[in-house]
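Residues per chain are reported as follows:
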Amino acid sequence: MTRAAAILVLLAGLALPRMAAAIPISSSDLWDLSQGGAVDATTGALYYSAGYRSDVRNMFGGAYGTVEAGNTLFKDYISPGFGGGSVPAGYVHSVEWHTPGAITLRSFSLHAYNEGMDRRAFDRFTLLASAVAGGPWTTVYDTGAGFAYGPGGLDLSVNVSAIDAQYFRAEFTQAPWSSASAVGPRIQELDGYDTFIAGEPLPPDPVPEPASLALLGIGLAGLGLARRYARTRRGARPNKI
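Residues numbered from 1 in each chain as written. Predicted model: local features only at pLDDT ≥ 70, side-chain atom pairs only at ≥ 80, totals over all residues. Heavy atoms only, no water.

J.: Is there a simple way to think about the environment of Y52 in this case?
T.: If you trace the backbone, Y52 turns up in strand β3 (residues 52-53). Residue class for Y52 comes out partly exposed when judged on its relative accessible area of 41%. In this structure, the C-alpha to C-alpha distance between Y52 and T66, residues 14 residues apart in sequence, is 5.6 Å. In this view, Y52 contacts L46, Y47, T66 and V67; residues no more than four positions away in its chain are not counted. (Helix = DSSP H or I, 4+ residues; strand = E, 2+ residues; numbered from the N terminus. Buried < 20%, exposed > 50% of the residue type's maximum accessible area, 1.4 Å probe, protein only. Contact = heavy atoms within 4.5 Å.)

Spelled out as structure tokens, the structure:
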């Protein structure tokens, strides 16, 4: 491999989200239903009949539905060559939920699984938060378009800049299909924590707001004037005899 190629590979790796070693699914994290939270809205889970359905609450520790209770299967896309369908590639599956009170989010862990050929996969994940119901939303994390994993499992654990919020929204973009039937993403669990995850990169320090930068500039200018005045005073003192 040439030096230029090696640099390109390194840059490509830096641009991708880091997939951590598997962190066990939690049943006591901030978003678990056992902590008193609840789902507010969703684009819909898989539902063919009362006897063949999934539930978005499963990704927060629930065990509902009749298909893979414990996992959330979002509603399917079935390609035109497989009888027609309702969810095209690029469709954004989403779920909104809230915690009993405001929390400080510092990290999250997302667990998903697909069977390969992009079956039950997504190619973008976005996490948003708000202090009030319905937004305005602040983007907490975004993989960007073209995110890929598998075939098999995804364990994505990320430390984020601390944010105080009570309402949350997760978006999963339907991956392009590469088989006759590309189906809705399978999410095993989405856990949130108020502590940083050990071993994961810490978020960068927040960039100061413009007003803060202005105050900092005034402070530095004042410090410079004070030092200049002190030097002048020292220069004006008579020599001791």
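J.: Help me understand the pattern of salt bridges, please; the structure alone is not making it clear to me.
T.: Note that side chains of opposite charge can pair when their charged atoms are close. The final tally for this structure, using the stated rule, is seven salt bridges. The residue D55 makes a salt bridge to R57 at a minimum N-O spacing of 2.9 Å. Bridged by salt links that share partners, the residues E68, E115 and R186 form one connected network. (Salt bridge = Lys/Arg side-chain N within 4 Å of Asp/Glu carboxyl O.)

J.: Any chance you could explain the nonpolar core here in plain terms?
T.: In summary, soluble globular proteins display a tendency toward joint burial of nonpolar side chains. The biggest cluster of nonpolar side chains holds 34 residues, and the ones touching the most others in it are W31, F108, L110, F122, F125 and L190. Looking at this core, the elements with two or more residues in it are β5 (92-114), β6 (122-130), β7 (138-142), β8 (152-174) and β9 (186-193). Tallying contributions element by element places β8 first for this core, with nine residues. (Core = buried A, V, L, I, M, F, W, Y, C linked by side-chain atoms within 4.5 Å.)

J.: Which parts of the structure should I look at to understand the packing of aromatic side chains?
T.: Two aromatic rings, taken as a pair, are described by how far apart their centres are and by the angle between their planes. Tallied over the full model, the rule gives 13 aromatic pairs. Ring geometry for Y48 versus Y52: centroids 5.8 Å apart, planes at 50 degrees, classification tilted. Y48 gets classed as partly exposed once you look at its relative accessible area, which sits at 47%. With 5.5 Å between their ring centres and 40 degrees between their planes, F74 and F172 make a pair best called tilted. (Phe/Tyr/Trp six-rings, centres within 6.5 Å; stacked < 30°, edge-to-face > 60°.)

J.: Whenever I open this one, the pairing of β8 confuses me. Can you help?
T.: Every other side chain in a regular strand lies on the same face of the sheet, so the side chains alternate between the two faces. Most of β8 is tucked away, with 18 of its 23 residues classed as buried. Two strands pair when backbone bridges link them, and β5 and β8 are joined in this way by 18 bridges, in the antiparallel orientation. Its bridge partner being in β8, H93 is matched across the sheet by F172. When β6 meets β8, the two strands line up antiparallel, connected through eight bridges. (Pairing = 2+ DSSP bridges.)

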